[in-house]
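Per-entry structural report
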Amino acid sequence: PAIQRAEAHSYLGILAGTMDGGPRGVRHSEAAFAALRSQRRPTGKFEASIFASLGHGYSVQGRMLDADTHMEMAYRRLEELGLEATAHGVTLLSNWATVNLRAGDVRRAEQLAERALALAGPGERSAFLLMNRARALELRGRFAEAEAGFREAEQVAKDAKALPAVVFAKAGQASVLI
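What counts, and at which threshold
- Residues numbered from 1 in each chain as written.
- Predicted model: local features only at pLDDT ≥ 70, side-chain atom pairs only at ≥ 80, totals over all residues.
- Heavy atoms only, no water.
- Helix = DSSP H or I, 4+ residues; strand = E, 2+ residues; numbered from the N terminus.
- Expected span 1.5 Å × (residues − 1).
- Buried < 20%, exposed > 50% of the residue type's maximum accessible area, 1.4 Å probe, protein only.
- Axes fitted to C-alpha atoms, helices over the stretch in contact; angles between N-to-C directions.
- Parallel < 35°, antiparallel > 145°, perpendicular 65-115°, else oblique.
- Left-handed = near helix turned anticlockwise from the far one by under 90°.
- Contact = heavy atoms within 4.5 Å.
- Arc of directions from axis to C-beta.

Some thoughts on helix α3 (residues 44-60)
Between its first and last C-alpha, α3 extends 24 Å over 17 residues, near the 24 Å set by a 1.5 Å rise per residue. With 13 of its 17 residues buried, α3 lies for the most part within the structure. Downstream of α3 by one or two residues, G62 has phi in the positive range, about 85°.

Some points on the packing of α3 against helix α5 (residues 87-103)
Two numbers describe how α3 lies on α5: the axes approach to 10 Å, and their chain directions differ by 15°. In this view, α3 runs roughly parallel relative to α5, as classed from their interaxial angle. In the packing of α3 onto α5, the handedness of the crossing is left-handed. Contact with α3, carried on its side by K45, S49, A52, G55, H56, S59 and V60, involves H88, L92, V99 and R102 of α5 and no other residues of that element.

Quick look at helix α6 (residues 106-120)
Between its first and last C-alpha atoms α6 spans 21 Å; for 15 residues at 1.5 Å apiece the expected length is 21 Å, and the two agree. Within α6 the residues assigned to the buried category are V106, A109, E110, L112, A113, A116, L117 and A120. End-on view of α6: buried residues confined to an arc of 165°, all on one side of the axis. Opposite the packed face of α6, turned more than 90 degrees from it, sit the exposed residues R107 and A118. Buried positions along α6 lie against α5 and α7 (127-139). Trailing α6 by a residue or two, G121 shows a phi angle of about 85°, which is positive.

As structure tokens, then:
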């Protein structure tokens, strides 16, 4: 059935995008979207996920307008479903901020990270979301705020026993100090 093809292509798109970030990830995500569209009632959350995968793939390829458009479509779909404040919505905003950092639009990246942090609330701040905001602050020349953000990210990572995130937070602090 089409939904199984869509799921298979979606997973392959995520894997390919993680491994090489190249055209294979985009091709699988586009095939997933086509298969999903052939369904009578495609699930909105899955559709949003495919849009986000396409956005990520396009950003890695340097197709920043396509990337931003698809990340926005993904978020709008979650809003239509009332899911923008869920973990899925917050993660999507964080990833969208990363796409904007990659594109060089640090002001937009900061705005998206701030919105994600507001939706997540104080008890649900992830280290990576905090680092996305801190990186945007650093690139905007707001070094004291960036350093504080990386320190907060380090503490959140330590509390979660997430060693890779601790390392990234430390690297962020070093970047601010250099």
